[in-house]
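Spelled out from the first residue to the last, the chains are:
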Amino acid sequence: MTEAILLVGGRGTRLRPLTVHTPKPMVPAAGVPFLTHQLARARAAGVDHIILATSYLAEVFEPYFGDGSALGLHLEYVTEEEPLGTGGAIRNVASRLRSGPDDPILVFNGDILTGLDIRALVATHQSTGADVSLHLTQVTDPRAYGLVPTDATGRVTAFLEKPQTPEEIVTDQINAGAYVFRRSVIDTIPTGRPVSVERETFPDLLAAGAHLQGMVDSTYWLDLGTPAAFVRGSADLVLGRAPSPAVPGRCGDRLILPTARVAGDAKLTGGTVVGEGAFVGEGARVFGSTVLAGAVVEPGAVITDSLIGVRARIGERSVLTGAVIGDGAVIGADNELRDGVRVWCDARIPTAAVRFSSDE
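Per an unreviewed UniProt entry, the protein chain is named NDP-sugar synthase, and its organism is Streptomyces spongiae. Under Sequence similarities (unreviewed entry), UniProt gives the following word-for-word description of the protein chain: "Belongs to the transferase hexapeptide repeat family."

Right under this line is the structure:
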């Protein structure tokens, strides 16, 4: 296997305001755009040609990654004029593939952080003679996902929408967002209209008698679709819980990028990242959080499980828990922001304007 398609066209609406100026795969995780981790893992598995299916803010990908040579890859970029869905995006880039009809093509989503053994998925695909092979993972609560039951040999028997009752939960296996297609199968996807592989392509193939194979790999897996998940994924990369050859430094409690400044008595733990040109002041405490490039955390601030956007500023003694602060936003001193709050880009919150406790 030498070719892959990477689906990076989504608008990332669940991640706003992180994705107002930046497409989801380009939001930094563990110090580099998240997409870097996926490209590096694909390269380590033997892939050398990757086509990026882009749409939203498509113009930012190529200036950063270029032709991919810095990563040992050959990258190409195909932009959708109108969003085509997962299946439509795959079909839209098919003309750039070089493989023969029976060759395996790796396809993966641009928002999944996983420790998947890519080589094992390809080996399963080839040894079973499947038309499409799917990475499946097991989850404790599958109600938020589509279920993918398989028989004793791993062959997929159905695709079930999100279960609504306990009786409908017939398996804990879900679609984990990575596939290997037989090259000729891609050519059967309709052109010129939106197509979902999950809701249309896979069920139609199964109904037509195609061989869809599932491979359960329950190593690290996380959908980075929400701000809380994205922050957690970045921290897990820094801590070494999620594997990636692209983390720019040794795994540990914190990752401080070059040109960042951190006061000597500031405490950074839990997989915290401090980006290029950022500053963390005296006595500040930052746990499991990401402070993006050029952001400022003023003295005495306490930040937990949060993401601070590019050039944002957190005032003295402010306390943030589970917060997302958009690019360029300013949080005045002595504020308390908690539990999923999102502050939009360039917003201004005055001193002590938001509190969950008294001002004493």
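S.K.: Sorry if this is basic, but what is going on with the overall build of the protein chain here?
M.R.: What the protein chain contains, in helices and strands, is seven helices and 28 strands. Here the C-alpha radius of gyration of the protein chain, 22 Å, is about what a compact globule of 360 residues would show, namely 21 Å. For the protein chain, the spread of C-alpha atoms along the three principal axes comes to 70 × 50 × 35 Å. Sequence separation of 24 or more characterises 52% of the internal contacts of the protein chain that already satisfy a separation of 6 or more. Across the protein chain, 31 positive and 41 negative side-chain charges occur, with their mean positions spaced 3 Å apart.

S.K.: Would you mind showing me how to read the nonpolar core here?
M.R.: Side chains that are nonpolar tend, in soluble globular proteins, to be buried together. I5, I90, V132, F181 and F202 are the most contacted members of the largest nonpolar core, which totals 28 residues. Looking at this core, the elements that each hand over two or more residues are β1 (3-7), β4 (49-54), α3 (85-92), β6 (104-109), β8 (132-138), β9 (173-182), α5 (183-186) and α6 (197-207). Not counting the four nearest positions on each side in its chain, V132 is found in contact with H125, Y179, V180, F181, V185, F202, L205, H211, L212 and Q213.

S.K.: Got a minute to help me understand the packing of aromatic side chains in this structure?
M.R.: Enumeration over the complete set of coordinates arrives at seven aromatic pairs. Ring geometry for F34 versus F230: centroids 6.4 Å apart, planes at 65°, classification edge-to-face. Pair noted here: F34 is in helix α1 (residues 34-44) and F230 is in helix α7 (residues 227-239), with a separation of 196 residues, a long-range link. Classification of F34 as buried rests on a relative accessible area of 1%. Ring plane angle 70° and centroid distance 4.8 Å describe the contact between Y64 and F65, whose orientation is recorded as edge-to-face. You can call Y64 partly exposed: its relative accessible area is 47%. Classification of F65 by relative accessible area gives buried; the value is 10%. Taken together, F159, Y179, F181 and F202 form an aromatic cluster joined through their ring pairs.

S.K.: Can you help me understand the pairing of β4 in this one?
M.R.: When a strand is regular, its side chains alternate between the sheet's two faces. Buried residues dominate β4, accounting for six of its six residues. Neither face of β4 is exposed, since H49, I51 and A53 on one face and I50, L52 and T54 on the opposite face are all buried. With six bridges joining them, β4 and strand β5 (residues 74-79) adopt parallel strand pairing. Bridge pairing in β5 links I51 to E76.

S.K.: Whenever I open this one, the UniProt feature "domain: Nucleotidyl transferase" (unreviewed entry) in the protein chain confuses me. Can you help?
M.R.: Feature annotation in UniProt places "domain: Nucleotidyl transferase" (unreviewed entry) on residues 4-236, given in this structure's numbering. Counting secondary structure, residues 4-236 comes out at 26% helix and 23% strand; the distance between its end C-alpha atoms is 25 Å.

S.K.: Help me understand the sheet that holds β1, please; the structure alone is not making it clear to me.
M.R.: In a beta sheet, neighbouring strands pair by backbone hydrogen bonds and run either parallel or antiparallel. Here seven strands make up an open sheet; going across it, the order is β5-β4-β1-β6-β9-β8-β10 and the pairing mixed. Here the strands that pair on one side only, and so sit at the sheet edges, are β5 and β10 (212-216). Sheet twist, expressed as the mean angle between neighbouring strand axes with direction ignored, is 25°. Seen against the sheet, helix α4 (residues 118-128) touches β6, β8, β9 and β10 and runs at an angle of roughly 65° to β9. Along the sheet face, α6 touches β8, β9 and β10 and points at about 65° away from the line of β9.

Conventions and cut-offs
Residues numbered from 1 in each chain as written. Predicted model: local features only at pLDDT ≥ 70, side-chain atom pairs only at ≥ 80, totals over all residues. Heavy atoms only, no water. UniProt positions renumbered as here; feature names shortened; annotations may be inferred. Helix = DSSP H or I, 4+ residues; strand = E, 2+ residues; numbered from the N terminus. Rg over C-alpha atoms; globule rule 2.2 N^0.38 Å. Contact = heavy atoms within 4.5 Å. Lys, Arg positive; Asp, Glu negative; His and termini not counted. Charge placed at Lys NZ, Arg CZ, Asp CG, Glu CD. Core = buried A, V, L, I, M, F, W, Y, C linked by side-chain atoms within 4.5 Å. Buried < 20%, exposed > 50% of the residue type's maximum accessible area, 1.4 Å probe, protein only. Phe/Tyr/Trp six-rings, centres within 6.5 Å; stacked < 30°, edge-to-face > 60°. Pairing = 2+ DSSP bridges. Axes fitted to C-alpha atoms, helices over the stretch in contact; angles between N-to-C directions.

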